[in-house]
Amino acid sequence: MASLSFLSSYLILLSASFGVLAKGQLDPCFYDKVCPQALPTIKSIVEDAIKQEARMGASLLRLHFHDCFVNGCDGSILLDDTPTFTGEKNAAPNINSVRGFEVIDRIKSAVDSVCGGYVVSCADIVAVAARDSVVALGGPSYKVQLGRRDARTASQAAANNSIPAPTFDFARLLSNFESHGLSMQDLVLLSGAHTLGFARCTTFRGRLYNESCTLDSSLATSLKSICPLQTGVGDNNLSPLDGTPAKFDTVYYDWLLQRKGLLHSDQQLYKGDGSGSDGLVKYYSQNAGAFWEDFGSAMLRMGALSPLTGSNGEIRMNCRTVN
C-alpha cells in the first residue's frame, strides 16, 4: 500500500510539473508549488557534506560545469556505465577526477522523500547543489533556473571533446567557450570557480617543469615537493588552486597577477602584456563585488545550455541509471 501511495503522489506531482515544463522554459520558482521543500532539502545536505569535507563544495561546482559542457545541463554525467551503455564518468576529463556522486545520491533520495515522488530532476539537483556550494563557502547566491529534465543518453566521446583541458592555451580556451555560446568574460568568470578546491599533480606537472618563466619560483619550489617530475609518481597528490581553497573570494585572480596560476589554462588568462583577458583578470582581482554579481550571471548562462524540457528526457528515479 505504501508503494502505491508513493506512486499516486508521484503521478499527481508529475502532472502538475509537466504543465510548466511543457512551456519549454526554465523558471527559478518551478518547484515552489509542486515541492516547496525541495530546495531547502538540497541546501541542507550540501551544507552537511561541505562541513564533513570542505573540498566537496568545489567538487559539486565542477560537476555542474562538466555536465553542462557536454550536450547541455542534462545530468548525463551522473549515468553509470553498464555492459550495454558507456557513460561520461570514464572520459579523460572525468575519470579519477570528477566526484560528488554520492552526495547527489543522498540529495536525490531525500528530495524524493520530501516531495512524495520523483519530481525533481537530477540535472536540477546538480545545478542547485553547485549554487549552494558557492554560498556555503562564502560566495554569492543567485536564483537557479529550474525545470530541467534528465537525459536518457550520455556521450563519452563528447565529454572527451567538449570539456576544456588544463593544457589549453588562451585561443583554444576561448574557442571552446565560444562554441558553447559563451564569451571571453564568461571564460574568466567561470574559471574564477578555481578560487575553490584542488588540482592533481598530473594536471599541473607539465606547467611546473616546463614553464618556469611564467610560474612564481617560490610556488614552483613548494610544488616540486609534492609533484615529482616522473610520470606515475604522485599523480594524484593535490595542491590548492589558490591560497584559500575553501573560501570563495578573488585570491584566484590575485594569484594569476603574481604568476601563481596552478594550471597552464589558468595562467593563460593573464599573460601580463595587456592581451587577451588580462584586463578582466585585473578588474575582478580589484573588484570583488563585481565578481560576486557577474559570477552568478555567468553561472546562469552556463546553466541554460541546451536544457531538456517539455516531453524531452525524463525525471530519473535513480540519478545513476535511466528509468
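Refer to the structure printed above.
Residues numbered from 1 in each chain as written. Predicted model: local features only at pLDDT ≥ 70, side-chain atom pairs only at ≥ 80, totals over all residues. Heavy atoms only, no water.

Q: It is not clear to me how the packing of aromatic side chains should be interpreted in this structure. Could you clarify?
A: Two measures describe an aromatic ring pair: the distance that separates the ring centres and the angle between the ring planes. In this structure the tally under the stated criterion is 14 aromatic pairs. Both rings, one in F65 and one in F69, keep their centres 4.3 Å apart while their planes meet at 20 degrees; by these two values the pair is stacked. Like F65, the residue F69 is buried in the burial classification. Ring geometry for Y252 and Y253: centres 5.3 Å apart, planes at 65 degrees, overall edge-to-face. Here the guanidinium or amino end of K89 rests over the ring plane of F101, the centre of that ring lying 4.1 Å away. Directly above the ring of W255 sits K260, whose terminal nitrogen or CZ lies 5.4 Å from the centroid. (Phe/Tyr/Trp six-rings, centres within 6.5 Å; stacked < 30°, edge-to-face > 60°. Buried < 20%, exposed > 50% of the residue type's maximum accessible area, 1.4 Å probe, protein only. Lys NZ or Arg CZ within 6 Å of the ring centre and 35° of its normal.)

Q: Got a minute to help me understand the state of the cysteines in this structure?
A: Disulfide: a covalent bond connecting the sulfur atoms of a pair of cysteines. Under the criterion given, the structure shown has four disulfides. Across a sulfur-sulfur distance of 2.0 Å, C68 and C73 are joined as a disulfide pair. For the disulfide bridge between C68 and C73, the dihedral angle about the S-S bond is near 120 degrees, and by the sign convention the bridge is right-handed. Assessed through its relative accessible area of 1%, C68 is described here as buried. With relative accessibility at 1%, the residue C73 sits in the buried group. Between C201 and C227 runs a disulfide, and the two sulfur atoms are separated by 1.9 Å. Disulfide C201-C227: torsion about the S-S bond near 70 degrees, hence right-handed. (Disulfide = S-S within 2.5 Å.)

Q: I would appreciate a short explanation of the nonpolar core in the present structure.
A: Considering soluble globular proteins, one finds that nonpolar side chains tend to be buried as a cluster. Grouped together as the largest cluster of nonpolar side chains are 76 residues, with contacts concentrated most on L78, I104 and I107. By residue number, the principal contributor to this core is helix α6 (residues 122-136), which donates eight residues. With residues near it in sequence (within four places) discarded, I107 still touches I42, I45, V46, I125 and A129. Ranked by size, the runner-up nonpolar core spans 14 residues in total, among them C227, L241, L262 and L263. (Core = buried A, V, L, I, M, F, W, Y, C linked by side-chain atoms within 4.5 Å. Helix = DSSP H or I, 4+ residues; strand = E, 2+ residues; numbered from the N terminus. Contact = heavy atoms within 4.5 Å.)

Q: What's the story with the pattern of salt bridges in this structure? I'm lost.
A: Summed over all chains, the structure comprises 13 salt bridges. The shortest N-O distance in the salt bridge between K43 and E47 comes to 2.7 Å. Here the residue K43 and the residue E47 both occupy positions in helix α3 (residues 38-52), the gap between them amounting to four residues, near one helical turn. The class of K43 is partly exposed, set by a relative accessible area of 39%. For E47, a relative accessible area of 31% gives the class partly exposed. Within the structure, one salt-bridge network assembled from shared partners comprises D80, K89, D105 and R320. (Salt bridge = Lys/Arg side-chain N within 4 Å of Asp/Glu carboxyl O.)

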